[in-house]
Amino acid sequence: MSGFYVLDVPEFSPLVRAAQQHERCRVHPVVAGYRYVEFDCEIEIKRDATGLGEAVWFGCLTGGLDGKITSFTSESIRLAPTNEPVLGV
Amino acid sequence: MTNLAPSLSGRLSLHGVDHTARPTWKLRETVEFYRDILGLPLVHAITAKGWGREKEEHADFIHFFFDSGNESTIAFFYYIGTQQPPELVVPRGYMAMANHTAWRVETEEQLLAWQKRLENKGVRVSQFVKHEILESIYFRDPNFYPLEITRSLRDMEELDAVDANMTIDAALTLEDSGRWTSIEQLWRAKADFVRKRQQEAEPVAAS
């Protein structure tokens, strides 16, 4: 399973709302302070859809990532499942 | 036996900032900036003959303090008759900005008022920058020391500390590996900590 964790605090709630509107994301309920946003293929989230300012946007995966970043710009982020080790080989 | 430190038997705590201090080789500009432009009262000054440290040729100096609220001060040392050593020139670039002072205000209106005051006094000041729990403006003093005025957007909760500890635990693991190069590695390593926390909280339902 792939996805990312979002800390359940106000500044990241716009990211959760954008994920809830995303057809390829499944947003889990809060468990122990974090939501899991699940995906099973490459997804793109646009910053416009979140309304986040850049300072928070560029930290939006701080809750943790099960997957890999295929691109990350000020406009959008693309994430995909991965089996690659965290530190490479 | 005399108990020299009874307070050590309980939990030690600090009570906020008393003062921070930096050297300056621009006495007039520094006083004019902090006292006259920022309007921080000059509340204390120490003058001394080198603190008696003749062996290291300690310069005679003035150590002066401006009131920055809540019983805190920002202080400077002016070493008389000395030249600024090259290693104490504030470097350009973002890394040196990490060494900064951030003062707190209570409201957005106060932050806006400080921004306008600085602009009206000819100080280059940033737009508002909203971070996770802070909203700030940034500027420099005449010594090129970075300064920030910030307001809290929300109180820090216990969950913030839990999250911070998992971030740092993941980061320490990566630092120890000697192969840490990106924030993506940290976010992936941290996911293991968060997953474990969820599994411990809800062994069946958690992802």
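Definitions and limits used
Residues numbered from 1 in each chain as written. Chains lettered and ligands numbered in written order. Predicted model: local features only at pLDDT ≥ 70, side-chain atom pairs only at ≥ 80, totals over all residues. Helix = DSSP H or I, 4+ residues; strand = E, 2+ residues; numbered from the N terminus. Rg over C-alpha atoms; globule rule 2.2 N^0.38 Å. Buried ≥ 20, exposed ≤ 12 C-beta atoms within 10 Å, placed from the backbone. Contact = placed C-beta atoms within 7 Å. Pairing = 2+ DSSP bridges. Axes fitted to C-alpha atoms, helices over the stretch in contact; angles between N-to-C directions. Nonpolar A, V, L, I, M, F, W, Y, C, P; charged D, E, K, R; others polar. Core = buried A, V, L, I, M, F, W, Y, C linked by C-beta atoms within 7 Å.

Asks: Can you break down the overall build of chain A residue by residue, with the values?
Replies: Of the regular secondary structure elements, chain A holds 3 helices and 7 strands. Along the chain direction, N to C, the helices and strands of chain A fall in the order β-α-β-β-β-α-α-β-β-β. Computed over the C-alpha atoms, the radius of gyration of chain A is 12 Å, within 12% of the 12 Å expected from 2.2 N^0.38 for a compact globule of 89 residues. In terms of principal-axis extent, the alpha carbons of chain A reach across some 35 × 30 × 25 Å.

Asks: With reference to specific residues and values, describe the overall build of chain B.
Replies: Secondary structure assignment for chain B yields 5 helices and 8 strands. Mapped in sequence order, the helices and strands of chain B form the string β-α-β-β-β-α-β-α-β-β-β-α-α. Expected size for 207 residues packed as a compact globule is a radius of gyration near 17 Å; at 23 Å, chain B overshoots this value by more than 25%. For chain B, the C-alpha atoms occupy an extent of roughly 70 × 60 × 35 Å along the three principal directions. Counting every position in chain B, which comprises 207 residues, the buried fraction comes to 15%. Relative to all contacts within chain B whose residues are 6 or more apart in sequence, the contacts with residues 24 or more apart total 45%.

Asks: I'd like a rundown of the sheet that holds strand E3 (residues 61-67) of chain B, residues and numbers included.
Replies: All names here are of chain B. Reading across from one edge, E1-E4-E3-E2 is the order of the 4 strands in this open sheet, with mixed pairing throughout. For this open sheet the edge positions go to strand E1 (19-24) and strand E2 (42-48), each flanked by a neighbour on one side alone. Adjacent strand axes in the sheet meet at a mean angle of 20°, parallel and antiparallel pairs treated alike. Inspection of the sheet shows E3 paired to strand E4 (residues 73-79) by 7 bridges, in the antiparallel sense. Bridge pairing in E4 links Ile62 to Tyr78. On the sheet, helix H1 (residues 27-37) packs against E1, E2, E3 and E4 and is oriented at approximately 170° with respect to E4.

Asks: For unusual backbone geometry, give the residues involved together with the corresponding values.
Replies: Unlike most non-glycine residues, Ala32 of chain A shows phi in positive territory, near 55°. In this fold, Ala32 of chain A is placed in the loop between strand E2 (26-27) and strand E3 (34-39). Phi at Asn70 of chain B is positive, roughly 50°, even though this residue is not glycine. With respect to the helices and strands, the residue Asn70 of chain B is situated in the loop between E3 and E4.

Asks: Which residues make up the interface of chain B and chain A, and what values go with them?
Replies: At the interface, 27 residues of chain B touch 27 residues of chain A. Listed by contribution, the elements that provide at least two residues to the side of chain B that touches chain A are strand E6 (129-130), helix H4 (158-177) and helix H5 (183-201) of chain B. The leading source of residues in the side of chain B that touches chain A is H5 of chain B, at 11 residues. The residue makeup of the side of chain B that touches chain A, split by class, is 11 nonpolar, 6 polar and 10 charged.

Asks: Run through the pairing of E4 of chain B, naming residues and quoting values.
Replies: Residues and elements named next belong to chain B. The pairing of E1 with E4 spans 6 bridges and is classified as parallel. Looking across to E4, one finds that Arg22 is bridged to Phe76. Here E3 hands over to E4 after 5 residues, with Gly69 in that stretch at a positive phi of 90°.

Asks: Mind laying out the nonpolar core, listing which residues take part and the relevant values?
Replies: Counting residues in hydrophobic clusters, the biggest one holds 31 residues, and the most contacted among them are Phe4, Tyr5, Val6, Leu15, Tyr34 and Cys60 of chain A. Elements with a contribution of two residues or more to this core: strand E1 (2-7), helix H1 (13-21), E3, strand E4 (43-46), helix H3 (54-57) and strand E7 (76-80) of chain A together with H4 and H5 of chain B. With 5 residues, H5 of chain B is the single largest residue contributor to this core. When near neighbours in sequence (up to four residues on either side) are disregarded, Cys60 of chain A contacts Phe12, Leu15 and Leu52 of chain A. Counting 10 residues, the second largest nonpolar core, distinct from the first, contains Leu38, Phe66, Phe76 and Tyr78 of chain B.

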